[in-house]
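# Remarks on the overall topology
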Amino acid sequence: MVSVQVQTEAFSIDELTRRLHDEDNTTGAVVTFVGYVRDINLGKNVSSMFLEHYPGMTERSLQNIVDHAKQRWPLKRVKIVHRVGPLKAGDPIVFVGVASGHRQASFEACSFLMDVLKTRAPFWKREDNQSGSQWVDGRESDQVAAQRWGITEA
Amino acid sequence: MILINYFARYREQLGSGGEKIVHNTSIRTVDDVRNLLIERGGAWKEVLGEASLMCALNQELCKLDAPIEDFDEIAFFPQVTGG
């Protein structure tokens with residue numbers, strides 16, 4: 001299974017989830033996460049989002065994070081799909097799915113993958129609406145979340 | 001030549017998606033490149049002087065003191081916001 005995909009197209013949450021177990025009967029646990037574009041402007045000033053990325057580095061960075069997770073926990077299949085390009089409020093942006101023999105590894109690894117992705121994978125969100133565009137700022141809480149796994153700068 | 005890429009807000013503020021600069025022996029680290037660009041003043045000084053700046057060397061995240069060689073690819077960008 002290819003662990004990492006970066007694409008403009010929508011993905012199927014059901015299909016991606018199904019494939020994490022998919023006849024591997026040594027897999028006892030599957031944990032998934034889906035991140036969505038939130039409607040920040042509550043419909044008043046209809047907005048959309050644009051996800052920029054660093055082609056080449058993006059896939060590599062995500063694969064790196066998956067490799068780290070596989071070294072740290074006893075995982076079976078892992079899948080990250082991250083969309084780029086134009087997105088609307090309510091669109092799924094990212095899917096992270098993990099399979100393992102027992103649940104603890106999957107719960108922890110899924111959390112780890114998201115926390116590290118948020119602080120190290122080269123994506124940048126831009127909110128576009130009628131009054132203009134604004135790049136989203138990184139959040140302190142994301143840095144704190146990543147630090148709890150012992151991941152330091154670069 | 002060293003290839004430099006700028007992304008997202010940095011690209012917009014600098015008015016450039018990237019450039020190549022000639023490598024010489026006084027350019028030893030990613031930070032040396034950053035300081036060279038900062039010397040241009042204006043937006044270069046403001047943007048590349050940001051504390052939250054992130055950088056990559058040959059498409060992997062790196063620290064500012066990462067050693068560089070001729071033909072390396074560098075990128076400077078704001079704090080990432082994926083996921």
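Residues numbered from 1 in each chain as written. Chains lettered and ligands numbered in written order. Predicted model: local features only at pLDDT ≥ 70, side-chain atom pairs only at ≥ 80, totals over all residues. Heavy atoms only, no water.

## Quick word on the overall build of chain A
For chain A, the count of helices and strands is 4 helices and 8 strands. Moving toward the C terminus, one meets the helices and strands of chain A in the order β-α-β-β-α-β-β-β-α-β-β-α. Its C-alpha atoms give chain A principal-axis dimensions of about 55 × 35 × 30 Å. Burial analysis of chain A (154 residues in total) assigns 48% to the buried set. Residue pairs at least 24 apart in sequence account for 76% of intrachain contacts in chain A once pairs closer than 6 positions are excluded. Accessible surface, chain A as shown: approximately 8,000 Å² in total, 48% of it carbon and sulfur. Within chain A, one finds 19 positive and 19 negative side-chain charges whose respective centroids are separated by 2 Å. (Helix = DSSP H or I, 4+ residues; strand = E, 2+ residues; numbered from the N terminus. Buried < 20%, exposed > 50% of the residue type's maximum accessible area, 1.4 Å probe, protein only. Contact = heavy atoms within 4.5 Å. Areas by Shrake-Rupley, 256 points an atom, 1.4 Å probe, with all protein chains shown as cover. Lys, Arg positive; Asp, Glu negative; His and termini not counted. Charge placed at Lys NZ, Arg CZ, Asp CG, Glu CD.)

## As for the packing of aromatic side chains
Residue and element names in this part refer to chain B. The tally for this structure, following the rule as stated, stands at 9 aromatic pairs over all chains. Each ring, one from Y6 and one from W44, has its centre 5.5 Å from the other, and the planes form 70°; the classification is edge-to-face. Of the two residues, Y6 is situated in strand β1 (residues 2-6) and W44 in helix α3 (residues 42-48); the sequence distance between them amounts to 38 residues. Judged on exposure class, the residue Y6 and its partner W44 are both buried. Ring centres of F7 and F77 lie 6.4 Å apart, and the angle between their planes is 70°; on these two criteria the pair is classed as edge-to-face. Of this pair, F7 sits in the loop between β1 and α1 (8-14) while F77 sits in strand β5 (residues 73-77); the two residues are 70 residues apart in sequence, bridging distant segments of the chain. (Phe/Tyr/Trp six-rings, centres within 6.5 Å; stacked < 30°, edge-to-face > 60°.)

## Focus: the state of the cysteines
Using the criterion set out here, one finds 0 disulfides over all chains in the structure. Free cysteine: B:C55, not disulfide-bonded; nearest cysteine sulfur from B:C62 at 3.7 Å. (Disulfide = S-S within 2.5 Å.)

## A look at the pattern of salt bridges
One pass over the full model with this rule turns up 11 salt bridges over all chains. With a closest N to O distance of 2.9 Å, A:E15 and A:R18 form a salt bridge. In this pair, A:E15 and A:R18 are both assigned in helix α1 (residues 13-21), 3 residues apart and thus about one turn of the helix distant. Classification of A:E15 by relative accessible area gives partly exposed; the value is 28%. When its relative accessible area of 44% is taken as the criterion, A:R18 is described as partly exposed. B:E50 is the salt-bridge partner of B:R9, the closest N and O atoms lying 2.8 Å from each other. Taken together, the positions of B:R9 in helix α1 and B:E50 in the loop between α3 and β3 (54-57) put the pair 41 residues apart, joining distant regions of the chain. Of the residues examined, B:E50 reaches a relative accessible area of 23% and is grouped as partly exposed. (Salt bridge = Lys/Arg side-chain N within 4 Å of Asp/Glu carboxyl O.)

## Some points on the packing of helix α2 (residues 57-72) of chain A against helix α3 (residues 103-120) of chain A
How two helices pack is summed up by the angle between their axes together with the distance between the axes. Residue and element names in this part refer to chain A. Where α2 contacts α3, the two axes come as close as 10 Å, and the packing angle between them is 145°. The hand of the α2/α3 crossing is right-handed. Residue-level inspection shows S61, L62, I65, V66, H68, A69 and R72 of α2 in contact with α3, the latter providing F112, L113, V116, L117 and R120. Of the residues assigned to the contact of α2 with α3, the class counts are 8 nonpolar, 2 polar and 2 charged. (Axes fitted to C-alpha atoms, helices over the stretch in contact; angles between N-to-C directions. Left-handed = near helix turned anticlockwise from the far one by under 90°. Nonpolar A, V, L, I, M, F, W, Y, C, P; charged D, E, K, R; others polar.)

## Section: the interface of chain A and chain B
When the parts come together, some accessible area is lost, and that loss is often what is quoted as the size of the interface. With 30 residues of chain A at the interface, the matching set in chain B holds 23 residues. For the chain A and chain B pair, buried surface summed over both sides reaches about 2,200 Å², with 55% attributable to carbon and sulfur atoms. When residues of chain A are sorted by the area they lose upon contact with chain B, A:Y54, A:W124 and A:W135 head the list and together hold 30% of the total. Along the contact surface separating chain A from chain B lie 2 salt bridges. One salt bridge in this structure joins A:E52 and B:R11, with 2.5 Å as the shortest N-O distance. Put simply, chain A and chain B have 13 residue pairs in polar contact (both at pLDDT 80 or more) between them. Among the residues forming the side of chain A that touches chain B, the class breakdown is 14 nonpolar, 7 polar and 9 charged. (Buried area = accessible area lost by both parts, 1.4 Å probe. Polar contact = N/O pair within 3.5 Å; in protein donor to acceptor, adjacent residues only side chain to side chain.)

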